[in-house]
Amino acid sequence: MFWGKSRNIIVALEVGSTKVAAAVGEIRPDGTLALLGIGESASGQIRKCEIVDFEVAQGCVRDAMDAAEQKTDMQIAEVYLAISGAHVRSSNTRVTTLIGNDGDEITHEHLQELQDMATAQSLPTDHAIVHHLLQYYVLDDGTKTDNPVGLASKQLTAHFHQVYGMATRLQTTIRCVKELSIDVKNYALSSYATAQAVLTRNQKQIGAVVINLGGGISDYIAYQKGAVVHTGVLGVGGDHLTNDIVYGLKIPYAKAEALKKTEGSVILHPGESDERITLPGAYNFEERQIHRASLNTIMQARQAEIFEIILEDLQSAPFWEDFSGTVHITGGASQVKGLVELASQIFPCPVELAHQSPFDGDQNYGRRPDLSTVLGLLQYARQAEMELPSARGFARVGQSLRKALASMKLI
Amino acid sequence: MIEFTQDGPFAEKVDHLFPDRVRIIGLGQTGAAVCDQLVLHGRPGQDLWVFDSDQLTIEGSIVPNRHLLGSKLVRGLGCNGDLDLAREIVVQEENQLAHVVRGCDFLVLVLGFAGATGVALAERLIELTRETGAKIIVVGVQPFGFEGWTRREKAIAAIAALRQEADSVLVLSHDRLAEHPVTVKNIRHGFHLMHGLMAKTAQALGQVVCKRGLIQLSFADVRSLYARYTGSEVLENCWVAHVEGDMRDCAEDLVAELLEGPLLADEKIWKQIDHAIVAVSGTRHLGLSDVQEMVSILKDRLPANVPIATSASLDEDNHDKVRMSVLLAMTAPVLAGEGELPSVSAKKNRPIAETGPMPAKGEIEPPITQPSPLPAKPVRPAKVKPAPVPVEAYAVAEEPEALTLEAEPINQASIKTSTRTKKRFVAKQEEMQFESATRGRFEKTHETMYRGENLDQPTYRRRGLKIKV
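Residues numbered from 1 in each chain as written. Chains lettered and ligands numbered in written order. Predicted model: local features only at pLDDT ≥ 70, side-chain atom pairs only at ≥ 80, totals over all residues. Heavy atoms only, no water.

1. Some details on the overall build of chain B
Phase 1: Along its length, chain B carries 17 helices and 12 strands.
Phase 2: A buried classification covers 53% of the 469 residues belonging to chain B.
Phase 3: Long-range pairs, those at least 24 residues apart, make up 79% of the contacts in chain B between residues at least 6 apart in sequence. (Helix = DSSP H or I, 4+ residues; strand = E, 2+ residues; numbered from the N terminus. Buried < 20%, exposed > 50% of the residue type's maximum accessible area, 1.4 Å probe, protein only. Contact = heavy atoms within 4.5 Å.)

2. Points about the sheet that holds strand β9 (residues 308-314) of chain B
All names here are of chain B.
Phase 1: Overall, mixed pairing links the 4 strands, which are arranged β7-β10-β8-β9 in an open sheet. Taken across any chain shown, the strands that pair with only one partner, and hence form the sheet edges, are β7 (238-246) and β9. Each strand axis lies, on average, 15 degrees off the axis of its neighbour in the sheet, ignoring direction.
Phase 2: Inspection of the sheet shows strand β8 (residues 275-282) paired to strand β10 (residues 321-329) by 7 bridges, in the antiparallel sense. Paired with S281 across the two strands is R323, which belongs to β10.
Phase 3: Sitting on the sheet, helix α11 (residues 251-259) is in contact with β7 and β10, with an inclination near 145 degrees to β7. (Pairing = 2+ DSSP bridges. Axes fitted to C-alpha atoms, helices over the stretch in contact; angles between N-to-C directions.)

3. Section: helix α3 (residues 167-178) of chain A
Working note: α-helix, 3.6 residues per turn, so residues spaced by three or four point in the same direction.
Residues and elements named next belong to chain A.
Phase 1: For α3, with 12 residues, the first-to-last C-alpha span of 16 Å sits near the 16 Å given by 1.5 Å per residue.
Phase 2: Summarising burial for α3: 9 of the 12 residues are buried, a large majority.
Phase 3: Where α3 is concerned, the buried positions are A167, R169, L170, Q171, T173, I174, C176, V177 and K178. (Expected span 1.5 Å × (residues − 1).)

4. Description of the nonpolar core
Residue and element names in this part refer to chain A.
Phase 1: Among the nonpolar cores identified, the biggest contains 72 residues, and L13, I38, V61, V79 and L81 are the most heavily contacted of them.
Phase 2: Residues within four places of L81 in sequence aside, it is in contact with L13, V15, T173, I174, V177, V184, N186, Y187, A188 and L377.
Phase 3: Among the nonpolar cores identified, the runner-up in size contains 50 residues, and I245, L259, W320 and L339 belong to it. (Core = buried A, V, L, I, M, F, W, Y, C linked by side-chain atoms within 4.5 Å.)

5. Here we look at the packing of helix α6 (residues 238-249) of chain A against helix α7 (residues 253-262) of chain A
Residue and element names in this part refer to chain A.
Phase 1: Orientation of α6 relative to α7, taken along the N-to-C sense of each, is 115 degrees, at an axis distance of 9 Å. With respect to the hand of their crossing, α6 and α7 are arranged in right-handed fashion. Where α6 approaches α7, its residues G238, D239, L241, T242, N243, I245, V246 and L249 are matched on the opposing element by Y253, A256, E257, L259 and K260.
Phase 2: Class assignment for the residues of the contact of α6 with α7 results in 7 nonpolar, 3 polar and 3 charged. (Left-handed = near helix turned anticlockwise from the far one by under 90°. Nonpolar A, V, L, I, M, F, W, Y, C, P; charged D, E, K, R; others polar.)

6. With respect to the packing of helix α8 (residues 292-316) of chain A against helix α9 (residues 339-346) of chain A
The axes of two packed helices give the description: the angle between them and the distance between them.
Residues and elements named next belong to chain A.
Phase 1: Across the interface, α8 lies against α9 with an axial gap of 10 Å and an inter-helix angle of 45 degrees. Comparing the axis directions of α8 and α9 gives the class oblique. α8 and α9 meet at a crossing whose hand is right-handed. Contacts from Q300, Q303, A304, F307, E308 and L311 in α8 reach L339, L342, A343 and I346 in α9.
Phase 2: The class makeup of the residues in the contact of α8 with α9 is 7 nonpolar, 2 polar and 1 charged. (Parallel < 35°, antiparallel > 145°, perpendicular 65-115°, else oblique.)

Structural data, given as structure tokens:
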């Protein structure tokens, strides 16, 4: 909430393994989104999107928020938060309700009832729900529809894709933000947010898989017929490539990271077996030459493994048999050379680097794949804000009170 | 809004502290003997089971959970090495086996690789366990070389098959004891010695994968050393030693006694090992400094390039005793021509007289010091000239930090290996540039496991890819 300002400002925050990014946007009266600026800071003690050292991580979040506030001249009081981590799981579920023996008309109350039933479904111990994403409704005659309101049926079944994660780890991330006196207004699964930035409605309808290759994790989401049919998080990301290089070539982490970005490729070329790369010396590092083939072998092995595991998971899901869409790759770790070529060898479908949907604001941000999650989260926030009924007067006070009570459960 | 379950976040249960359950199953005659050793040593808390098709073995076992299988087919006479018959028995006893794999997180299967019942049971139990999601560690022993090529070939086939399916396979070799004074004097005692070592191995594995303590290792550490290989196969990959002493004993003496273990007597093994797991247990008087001292001394005695992973736990049943087990492993594929799976053609070229089946317990008393028609140590097939290896595969490391023969720190173990040629040493360094099973940047995070593999470990290592530094 931005006191003293009537502009509809939304803030998206991503606490990633490599960086913390806070994107500030404004929803214009016509419903379009304008990006005002993004504050960033390097992550510290955040591994695989999970906080290892709370105080250090909180400092990084504070830095990113400060940077965002300075860039946009705004005071941030609430954010939408991207949630991820290897602990996040998902499953498809369905719930059914009786409408009436005479085939009564389906109303919004029936849909709410189904939503409540899905929410009430039990989760594994210590887990908390992140999303109940509606896939479609099925009428008693087997007809599938996205909006059954007004139709007549004896019973109605709703199919949901539910995403949940370990409550303690979700709590830690949320608390990290809330202790900075910043309210977490809502949250979204990172891959779900990313998809909002890189997929069009048409692509979601045809079928698409978005793979977000982050620093600590690789998360992915699959759409078919406009609905989320599968999500997954693999606790392996670009940091693992760097870590492998550190061990394989016996060089410091910073050198390995730079080498990965400047010279590394995940495709092995036969002609480069004798080629060497010179690592310039520093005050505590003697100049060295390393085999290009060794570097690429290490990177190729890791990246291919990531894709193979993701493919295996996708193939195990029922939707894959009928899938005829494209795999879109994004995320900071997608900037490595030869990625699309490698992915094309592994995935039995078209593969391309994802492009972000256009928005108003600094277009340099739109060309950075490592910002696709936070920008997608901004789109998600825009959509959520548009759907929220605007509260006024006592209703507004009540909403704040409810928020405060809810937050007490988290602390 | 997130809805948190009330019984979740902070309602930590006591079970969470000891979440993993280990079940040790002795298969066949060897497995039963090993489990007997565990009972004799009075290890509490061990979930022991024994299965065999030989009535004498089952009746002679002192393990409470012992089961005779296939009595309708073989009437308690065993399979006599007939693997097909053993598999028939397993099919017949399917129902009895199915409930054995339930209710545990780790299954340690102990067997002799040359035995039919044990191998057939292991194959089926692994299949059943996979459905439950538990992890499987196989601890087995190869037969003595003098037992004949047939048994050896069966063992080789069994190891290859089990390595395809199990999460980890630890292969010990009876031949390491062939010249041990105990074996030379009385071969039954030699078997007994090996069974004791296997029992200690199973016990140490139980501690490593299950017991929470001062220093914790996990199944991933075991798996990273004894998992199946993608390249050339090796047979023997595990050497164990165990020592038990008073808490007041000098740590140096304990380590010295440990390294005098019967399986470590052969100097050749020091060329082969590249990793070590140490499991220390003691009463509450055992402190971290004691453990560190013991491991430090052990590190000085082992070859300099062998990383040591340490597990330390407290066990009040130790009665002022400190127990130390070391599992040495060879993870790198062996060089061409050495230790690879012998081909069938190699066997045909080899003038080995076939021997009969394994002698009965009472028949194996005579000492084997007399000249035998069989070669004294027909452990390996006739050495084939090593295939030419590309020069780049053995390229000498050019980096200053790469170890050279002169640069290697001198310690007792490395003195023993002074017979190595320089060329081989360099090649070995090329392959064994591994360090300990550390996860580097991800050390403080939850392990990312996938199909039993720790994805935090570099992929090229797990896949055995050669990296030129």
